[in-house]
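Residue-level structure breakdown
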Amino acid sequence: MARRSEQTTALLFVLPAIAMVGIFRMFPLVWGFLLSFTSGDGQGGSVWVGIDNYRQLTTDTAFHDSLINTAILLATLPVWVMLPLLLAILIHQGVPGGKLFRAVYFFPAVLSAVIIGSIFNVLLRYDGTINAALGSVGIEAVDWLGSGTTAMASLIAVALWSTFGMSVLIFMAGLSTVSSELIEAARLDGAKPAQIWWHVILPAMRPILEFVAVVTTIGVLTSMFGLIYVLTAGGPGTSTTLPEFLIWMEQGKMNRPGYASAISMVLFVGMAGLAYVQIRIMSRNANG
Amino acid sequence: MKTLVLSLALVTTALPAFATELTVWDWKSGDPAAAAYFAKAKEVFEAAHPGDTISYVMQPNDQYYTLLGTALASDGGPDLFLLNGGAQARARFENALPLDGKLGDLAANLAGTADFSEATGLYAVPLTIQGFVVYYNKALYADAGLDPAAAPKTWDDLAKVCAAFIAKGTAPCIALGNKEGFGMEFWFSAIAASLWTAQEQADFAAGNLAWTSPQVVAVLQGWVDANAAGWFPKGANSTAKFMDEYEGFMRGETGNTIGLISDVAHWKQFDEMLGAENVGVFMMPAPGGAAAKLPAAGGIGYAVNKKSPNADLAVEFAKTLASAEVLQVFFADAGAVTANTQMDTSSVTSEAAKTIFGWLATETVPMAHANASAAQLEELHRQSQTLLNGEVSVADAAAAMDKVGK
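Residues numbered from 1 in each chain as written. Chains lettered and ligands numbered in written order. Predicted model: local features only at pLDDT ≥ 70, side-chain atom pairs only at ≥ 80, totals over all residues. Heavy atoms only, no water.

Here we look at the state of the cysteines
Residues and elements named next belong to chain B. The test is simple: When two cysteine sulfur atoms lie within 2.5 Å, the pair is treated as a disulfide. Helix and strand definitions here come from DSSP, where helices need a minimum of 4 consecutive H or I residues and strands a minimum of 2 consecutive E residues; each element is numbered from the N-terminal end.
As enumerated under the stated definition, the model contains 1 disulfide over all chains in all. Residue Cys-162 pairs covalently with Cys-173 via a disulfide, S to S 2.1 Å. Residues Cys-162 and Cys-173 are joined by a disulfide whose S-S torsion is about -70°; by sign, that bridge is left-handed. Of the two residues, Cys-162 sits in helix H6 (residues 155–168) while Cys-173 sits in the loop between H6 and helix H7 (182–195), which places them 11 residues apart along the sequence.

What follows is the structure, encoded as structure tokens:
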């Protein structure tokens with residue numbers, strides 16, 4: 001009887017959380033999934049079209065370009081993880097002014113994407129500060145945000161600048177948990193500093209590395225909208241269009257919520273798959 | 001006595017139940033230049049309809065049609081809603097009340113109704129007329145050794161003007177902001193106006209003029225040729241049209257700009273910033289085309305929600321919004337070229353405005369891009385940017401446009 005009462009109490013405690021997840025996560029997800037099989041035009045004229053939206057995705061060049069751009073973005077992930085790790089190691093080693101660097105690196109993380117985009121708009125535009133600086137030393141101006149060859153790289157650089165401070169903090173927290181006895185033991189065994197880092201500290205940091213990799217992957221796939229909107233509007237052409245921006249275009253500008261939902265579903269499945277693989281690797285390492 | 005007091009109390013309590021609040025959606029009522037116009041319309045209407053009130057709800061511009069569509073789909077939504085003329089308006093006609101026979105004397109005094117109508121009738125009351133002309137900086141023309149009084153009339157004239165600007169080397173010839181692709185929208189309609197026949201305009205509007213047809217290809221080729229000839233400044237793809245391009249022109253940094261005739265980026269703003277004596281205007285010529293024309297269309301207009309329980313009252317407010325008395329304020333404050341032909345424009349001193357008003361009477365043709373679908377416009381934005389960068393040929397860009405549905 002007491003056990004049943006305990007279960008009821010426990011259920012009451014988790015009920016709000018379950019309700020929140022159900023209402024704000026699961027319901028929109030299911031609704032979006034159903035919407036992706038309709039020709040919703042934003043005016044109530046929805047008609048069930050089966051897999052037509054998904055079929056259309058196979059011939060939509062803007063969607064294909066957005067997937068290629070996503071692949072390019074994901075290919076830069078090692079930089080997103082290794083650069084903050086390197087900086088965290090340097091600060092952890094006690095470089096002069098380490099605390100100042102830590103604060104400076106973290107500072108962009110508290111700025112909104114719109115503010116960061118506006119700042120870099122001024123810096124990167126054709127008649128902007130960076131080109132003015134280049135011009136002063138005789139280097140020809142580059143249309144960083146308006147050229148198909150540089151726009152994506154510029155966008156990635158700005159996004160990296162604005163977010164890596166958080167990863168630096170996580171790595172520093174991880175570094176502080178590495179057992180000093182282990183390091184001391186390695187040193188007594190004659191290990192050189194580089195060997196200590198490679199064979200002792202980095203293996204101990206592996207769960208942290210994997211956590212940062214997962215969080216960063218999800219972040220770059222879902223949090224680039226603000227920067228794209230302010231810096232490039234997805235252009236030139238489709239060179240900085242990512243699936244999340246395309247979803248907004250289809251929904252917000254072309255009034256095609258059905259088609260936008262289909263893109264959302266593809267993005268969701270892709271991200272879920274990627275996250276699953278990464279979490280599996282993390283679990284395997286944790287258990288191994 | 002007691003009965004009288006009770007009756008009075010009952011009447012007083014019941015009065016608000018008869019009062020009606022009309023909800024009006026737009027994306028403009030928060031604009032300082034338009035604020036006095038909206039306030040005047042509310043004041044005039046509420047004075048004429050005691051107890052009834054107006055509630056303006058301004059929605060974000062870039063989400064407006066999505067929010068409107070969602071609201072209308074829920075069988076609710078506002079009593080009146082603002083629309084852009086052309087394709088955006090036609091897409092909402094199924095939610096709008098037919099207005100034929102409901103506007104009284106006002107109907108005979110409205111211009112721009114074609115962009116708010118289809119074969120089944122009129123579905124919105126136009127407020128303004130919108131169009132594209134080229135404004136030029138007379139001081140920079142003189143600086144480049146050109147006659148400030150001689151505005152270009154043909155493509156060759158424009159080529160000579162741009163050659164003079166390039167030779168001088170101090171200011172770009174034609175300002176261009178194409179970050180969102182709007183630069184191409186303006187170019188497309190301005191060139192098509194002077195290049196296409198009335199039949200070709202009609203064919204394009206009906207979706208019967210292919211993007212790969214010589215007439216449309218000529219417009220795209222003109223874009224590429226002008227860029228290759230150095231008429232546009234570098235960095236157009238990272239320059240926003242509605243901030244950077246026009247601000248640059250108003251600072252006197254560029255020779256010409258394709259601007260609007262009403263509301264914003266127009267004669268009133270440019271006169272105020274550059275001085276009226278320095279602002280000239282001409283209609284955009286086209287390569288090898290006939291006489292230049294002014295692409296114009298019904299700018300914005302109000303539709304009445306056909307499911308509104310207060311539709312009759314909403315029609316009355318739409319008439320107030322489009323009345324000459326109220327629009328006079330919009331004209332005075334924002335320089336809006338209104339759709340009401342009874343407007344008194346005699347107080348205008350701007351030479352550029354007088355010239356434009358003269359053209360409006362005789363030289364207007366359809367605004368081609370307003371007859372393209374939202375999907376076509378989006379693809380046009382993309383193709384225009386890659387054309388400027390030389391990443392795609394005109395033939396390939398036109399072929400890509402043809403793949404997008406009307």
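On we go from here.
Remarks on the domain arrangement of chain B
Residues and elements named next belong to chain B. Applied cut-off: Here the limits of each domain have been adopted from an automatic or database domain assignment. In this description, contact between two residues means that some pair of their heavy atoms is separated by no more than 4.5 Å. Summed over both partners, the accessible surface that disappears when two parts come together, traced with a 1.4 Å probe, is what is meant by buried area. For this analysis, a salt bridge means a side-chain nitrogen from Lys or Arg found within 4 Å of a carboxyl oxygen belonging to Asp or Glu. Pairs of N or O atoms within 3.5 Å make up the polar contacts considered here, provided that, within protein, one atom can donate a hydrogen while the other can accept it, and that residues adjacent in sequence are counted only when both atoms are side-chain atoms.
On domain assignment, one finds that chain B holds domain 1 (19–128 + 299–341) and domain 2 (131–296 + 358–402). Inter-centroid distance (C-alpha atoms) of domain 1 to domain 2 is 30 Å. Counting residues at the interface gives 14 residues for domain 1 and 10 residues for domain 2. Of all residues in domain 1, Ala-87, Gly-335 and Val-337 give up the largest surface area on contact with domain 2, accounting jointly for 42% of the area buried on that side. In this structure, the connection of domain 1 to domain 2 is made through 1 salt bridge. With its nearest N and O atoms 3.1 Å apart, the salt bridge here joins Asp-263 to Lys-28. The tally of links from domain 1 across to domain 2 stands at 6 residue pairs in polar contact (both at pLDDT 80 or more).

A word on the sheet that holds strand S2 (residues 53–58) of chain B
Note on sheets: strands pair through backbone hydrogen bonds, and any given pair is parallel or antiparallel. All names here are of chain B. Applied cut-off: Between any two strands, pairing holds if DSSP finds at least two bridges. Here an axis means a line fitted to C-alpha atoms, over the contact stretch when the element is a helix, while the angle between two N-to-C directions is reported on a 0 to 180 degree scale.
In space, the 5 strands of this open sheet follow the order S2-S1-S3-S11-S6, with mixed pairing throughout. Looking at which strands have only one partner, the edges of the open sheet turn out to be S2 and strand S6 (125–126). Against the sheet, helix H2 (residues 32–48) engages strand S1 (21–26), S2 and strand S11 (300–304), with an angle of about 155° to S2.

Points about the packing of H7 of chain B against helix H15 (residues 374–388) of chain B
Residue and element names in this part refer to chain B. Put simply, the rule is: Orientation categories follow fixed angle ranges, with anything under 35 degrees roughly parallel, anything over 145 roughly antiparallel, 65 to 115 roughly perpendicular, and all other angles oblique. All amino acids are sorted into three groups, where Ala, Val, Leu, Ile, Met, Phe, Trp, Tyr, Cys and Pro are nonpolar, Asp, Glu, Lys and Arg are charged, and the leftover types, Gly among them, are polar.
Put simply, H7 and H15 touch, their axes get as near as 8 Å, and they point 105° apart. Judged by the inter-axis angle, H7 sits roughly perpendicular to H15. Taking contact as the criterion, the partners of Phe-182, Met-184, Glu-185 and Phe-188 in H7 are, on H15, Leu-377, Leu-380, His-381 and Ser-384. Here the contact of H7 with H15 is built from residues that sort into 5 nonpolar, 2 polar and 1 charged.

Some thoughts on the interface of chain B and chain A
Listed by partner, the interface residues are 25 residues for chain B and 31 residues for chain A. Interface area for chain B against chain A, summed over the two sides, is near 2,300 Å², with a carbon-plus-sulfur share of 43%. For chain B, the biggest contributors to the area lost against chain A are Lys-179, Ser-238 and Arg-382 of chain B; these three give 25% of the whole. On the surface where chain B and chain A come into contact, there are 1 salt bridge. Asp-244 of chain B is the salt-bridge partner of Arg-125 of chain A, the closest N and O atoms lying 3.4 Å from each other. Where chain B packs against chain A, one counts 8 residue pairs in polar contact (both at pLDDT 80 or more).

Overview of the nonpolar core
What counts, and what does not: Buried Ala, Val, Leu, Ile, Met, Phe, Trp, Tyr and Cys residues that are joined via side-chain atoms within 4.5 Å together make up what is termed a nonpolar core. The rule is simple: take the accessible area with a 1.4 Å probe, protein chains only, and divide by the maximum for that residue type; under 20% is buried, over 50% is exposed, in between is partly exposed.
Of all hydrophobic cores here, the largest spans 129 residues; its most connected members are Trp-187 and Phe-188 of chain B. Leu-124, Met-205, Leu-209 and Leu-242 of chain A belong to the second largest nonpolar core, which has 57 residues in total.

Quick notes on the packing of aromatic side chains
Defined as follows: For this analysis, a ring pair means two rings from Phe, Tyr or Trp (six-membered ring only for Trp) whose centres lie within 6.5 Å, classed as stacked if their planes differ by under 30 degrees, edge-to-face if by over 60, and tilted for the remaining angles. Comment: the charge-over-ring label is applied if NZ (Lys) or CZ (Arg) is within 6 Å of the ring centre and within 35 degrees of the ring normal.
Tallied over the entire structure, the rule returns 44 aromatic pairs over all chains. Ring centres of Trp-196 of chain B and Phe-204 of chain B lie 5.1 Å apart, and the angle between their planes is 55°; on these two criteria the pair is classed as tilted. The exposure class assigned to Trp-196 of chain B is buried, which follows from its relative accessible area of 7%. Given a relative accessible area of 4%, Phe-204 of chain B falls into the buried group. Through a chain of ring-to-ring contacts, three or more aromatic side chains come together here, namely Phe-132, Tyr-135, Phe-182, Phe-186, Phe-242, Tyr-246, Phe-249 and Phe-270 of chain B. Over the ring of Tyr-259 of chain A we find Arg-256 of chain A; its NZ or CZ atom is 4.6 Å from the centre of that ring.

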